[in-house]
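Tertiary structure, described
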Amino acid sequence: MSKKRVAILISGRGSNMSALIDACKSADYPAEIVGVGSNRAAAPGLKIASSHGLKTFSLAQSQFESREAFDLALTQKLEEWHVDIVCLAGFMRMLTPEFTLHWAGRLINIHPSLLPLYRGLDTHARALADGASVHGCTVHFVTPGLDEGPTILQAQVPVLPGDTPETLAARILVEEHRIYPEALRLLASGALS
Ligand code: GAR
């Protein structure tokens, strides 16, 4: 079996990244992580990636004159690694259509809501403000529209009395760490199109 070459893009702590790295350590998992990139040099997840022996890079928007130039440099970095699949894991940046179309079908994201509900930011606070009884997370293909691409997997959790955005986020994060590796397995094994 030839494993798919996967890069992960992060902006922060990288707990979903860690879940993907751990999954890829299984001999029968159909993907390997070849490196991790970030738009924030200080992202704590970059140090974790390095501690696993992975290559890393960071690019700052301030180095580029436009979003298009940034995204082109990002694609060039990923192409240098001969990447088959790109996983966004808390990569908090709007991507240009050029980038998403270049990687169409090979670019996936995890989002902390049951899409199409609660696209964008502050999903847990918005679900609580609405009095939602369930909430969750979604792994989806990335397309030019924000959080709009086809769903691969979702997981649902109950909203409990007394929940805060933090307690709800923690309950959902457990599910994120379960479904993201499973979704990548499906894509890398050719079970999705
Ligand atoms: C995760 O909860 C992920 O779903 C969310 O950011 C967090 C990153 O945590 N992503 C988004 O909100 C994307 N719109 P992590 O760095 O520990 O994986």
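Everything that follows concerns the structure shown earlier in this document.
The paragraphs below set out a description of the structure included in this document. Note that the coordinates shown come from a computational prediction; the quantities given were computed from them, not determined experimentally. (Residues numbered from 1 in each chain as written. Predicted model: local features only at pLDDT ≥ 70, side-chain atom pairs only at ≥ 80, totals over all residues. Heavy atoms only, no water.)

**Let's talk about the overall build of the protein**
Let me state the cut-off plainly: Helix numbering and strand numbering both begin at the N terminus, where a helix is a DSSP run of H or I of at least 4 residues and a strand a DSSP run of E of at least 2. C-alpha atoms define the radius of gyration, and 2.2 Å times the number of residues to the power 0.38 defines the globule rule. Between buried and exposed lies partly exposed: a residue is buried under 20% and exposed over 50% of the maximum accessible area for its type, with that area taken using a 1.4 Å probe on protein chains only.
In terms of helices and strands, the protein carries six helices and seven strands. The order of α-helices and β-strands along the protein, N terminus first, is β-α-β-α-β-α-β-α-β-α-β-β-α. Taking 16 Å as the expected radius of gyration for a compact globule of 193 residues, we find that the protein reaches 16 Å, a close match to that expectation. In terms of overall dimensions, the protein has a C-alpha envelope of 50 × 45 × 35 Å along the principal axes. By residue count, 48% of the 193 residues in the protein fall in the buried class.

**Overview of the environment of Ala132**
What counts is decided by this rule: Any two residues whose heavy atoms approach within 4.5 Å are treated as being in contact.
Looking at where Ala132 falls in the secondary structure, it is placed in the loop between helix H5 (123–129) and strand E6 (134–141). Taking the C-alpha atoms as reference, Ala132 lies 31 Å from Arg185; in sequence the two are 53 residues apart. Those residues in contact with Ala132 that lie beyond four places of it in its chain are Tyr118, Ala127 and Val159.

**Some thoughts on the side chain of Asp147**
Stated formally: Only four residue types enter the tally: Lys and Arg on the positive side, Asp and Glu on the negative side; His and the chain ends are excluded. Here, a salt bridge means any side-chain nitrogen of Lys or Arg that lies within 4 Å of a carboxyl oxygen of Asp or Glu. Polar contact criterion, stated in full: a pair of N or O atoms within 3.5 Å, where within protein one must be able to donate a hydrogen and the other to accept it, and residues adjacent in sequence count only if both atoms are side-chain atoms.
Following the sequence through the fold, Asp147 ends up in the loop between E6 and strand E7 (151–158). Buried charge Asp147 goes without a salt bridge, the closest partner of opposite sign being Arg119 at 6.3 Å. A polar side-chain atom of Asp147 sits 3.5 Å from a polar atom in the side chain of His111. With sequence-adjacent residues up to four places away left out, Asp147 is seen in contact with Asn109, His111, Leu115, Arg119, Gly120 and His140.

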